[in-house]
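# Understanding the architecture of this molecule
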Amino acid sequence: MEQNKPNGAECSVGSAPRHIAFIMDGNGRWAKKRGMPREYGHVQGAKVFRRIIEYCGDIGIEIVTVYALSTENYAKRPKKEIDTILTLFEEYLTDAERDAPSRDLRVCFIGDRSIFAPDIRERMAALERATMSRKKRLNVAINYGGRTELVAAFNKLIASGKTNVTEADIEAALYTAGCPDPDIIVRTGAEMRLSNFLLWQSAYSELYFTDTLWPDFTESEVDKIIADFKGRKRRYGAAE
Ligand code: IPE
Ligand code: IPE
Ligand code: MG
């Protein structure tokens, strides 16, 4: 049943994940514990995001995806909090533009970009174009929702005239077209759910939940997660 194996998933027991996805949760609680506004947690979380993606690159992880803002966060949280997150995102965009020439990193953005002003959208697309031939890859999920992504994909396929679609057609119409599925999805912050993250792509991803709040997340916990992943047996529905 080779066709049921998600794209790119070629890891067997003992090998490191090729693609790690992080649901970076717990920023608000981290700040609250310190008597600080939620925004302070996002500022700290953005620093940890930079450190962790750097570290994943250093240890040879080929693809990292991070969930930075969901469509539901955007719709439901106070404007002040969303403005802080979008400002932190723009700061990252500026840093990534500065670092692009000297860094072996392809940066991709996944999500509904209609919330951004045209100049920001253009900068996102330009960075994607400038880095597209790099080997390592970072996907930043910003105003991302798995259901929104699927609806957009189906509408794209309908608009192209298709009346019957295959798994390959759907994959090619997702924001993540061409990117292997995550081998493991890590969620910090103690909640055990996906919260609309990578619904199609997570079909056979390993899941790892940790109580650590994202701003407390460390490189050594990444090592621990990779060691745990290496001990897992992925069967994709096959018998032992
Ligand atoms: C994750 O942290 C970041 C975003 C959702 C943008 P939260 O802001 O959800 O933090 P908690 O879960 O309330 O602690
Ligand atoms: C998921 O966290 C989204 C991100 C980490 C960006 P949430 O905090 O929004 O998830 P719920 O609301 O607890 O499910
Ligand atoms: Mg949360």
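Predicted model, so just to flag it, every value in this text is computed and none were measured.

## Concerning a nonpolar patch on the surface
Together, M192, L207 and F209 make up an exposed nonpolar region whose accessible area comes to about 290 Å². Residue position: L207 is located in strand 6 (residues 206–209). Assessed through its relative accessible area of 36%, L207 is described here as partly exposed.

## Let's talk about the side chain of E39
With respect to the helices and strands, E39 occurs in helix 2 (residues 38–58). A distance of 3.4 Å separates the side chain of E39 from the backbone nitrogen of E81, its partner in a polar contact. Those residues in contact with E39 that sit more than four places away from it in its chain are K80, E81 and T84.

## Focus on the layout of surface pockets
If you add up the space inside the largest pocket, you get close to 690 Å³. Considering the residues around the largest pocket, the lining is formed by 32 residues, among which M24, N27, Y67, A68 and N73 are closest to the centre. Counting only elements with at least two residues in the lining of the largest pocket, the list comes to helix 1 (27–33), helix 2, strand 2 (63–70), helix 3 (71–76), helix 4 (79–99) and strand 4 (136–144). Here the lining of the largest pocket gets six residues from one element, more than from any other, and that element is helix 2. Tallied by class, residues from the lining of the largest pocket come to 14 nonpolar, nine polar and nine charged.

## What about the pairing of strand 2?
Within strand 2, seven of the eight residues are buried, leaving the element largely enclosed by the surrounding structure. Two strands pair when backbone bridges link them, and strand 1 (residues 19–23) and strand 2 are joined in this way by five bridges, in the parallel orientation. Residue pairing for strand 2: I23 is matched across the bridge by Y67.

## Some remarks on the sheet that holds strand 3 (residues 105–110)
Two pairing modes exist for strands in a sheet, parallel and antiparallel, and in both the strands are linked by backbone hydrogen bonds. Here six strands make up an open sheet; going across it, the order is 3-4-2-1-5-6 and the pairing parallel. Two strands lie at the open edges of the sheet, namely strand 3 and strand 6, each paired on one side alone. For this sheet, the mean inter-axis angle between neighbouring strands, taken without regard to orientation, is 20°. Against the sheet, helix 2 engages strand 1, strand 2 and strand 4, with an angle of about 165° to strand 2. Along the sheet face, helix 4 touches strand 2, strand 3 and strand 4 and points at about 155° away from the line of strand 4.

Basis of the calculations
- Residues numbered from 1 in each chain as written.
- Chains lettered and ligands numbered in written order.
- Predicted model: local features only at pLDDT ≥ 70, side-chain atom pairs only at ≥ 80, totals over all residues.
- Heavy atoms only, no water.
- Patch = residues over 30% accessible without salt bridge, like charges linked within 9 Å, V, L, I, M, F, W, Y side chains within 5 Å.
- Areas by Shrake-Rupley, 256 points an atom, 1.4 Å probe, with all protein chains shown as cover.
- Salt bridge = Lys/Arg side-chain N within 4 Å of Asp/Glu carboxyl O.
- Helix = DSSP H or I, 4+ residues; strand = E, 2+ residues; numbered from the N terminus.
- Buried < 20%, exposed > 50% of the residue type's maximum accessible area, 1.4 Å probe, protein only.
- Polar contact = N/O pair within 3.5 Å; in protein donor to acceptor, adjacent residues only side chain to side chain.
- Contact = heavy atoms within 4.5 Å.
- 1 Å grid on protein atoms, 1.4 Å probe; cavity = no way out; pocket = protein on both sides within 12 Å on 5 of 7 lines; lining within 4 Å.
- Points joined across faces, edges and corners; volume = space filled by probe spheres on them.
- Nonpolar A, V, L, I, M, F, W, Y, C, P; charged D, E, K, R; others polar.
- Pairing = 2+ DSSP bridges.
- Axes fitted to C-alpha atoms, helices over the stretch in contact; angles between N-to-C directions.

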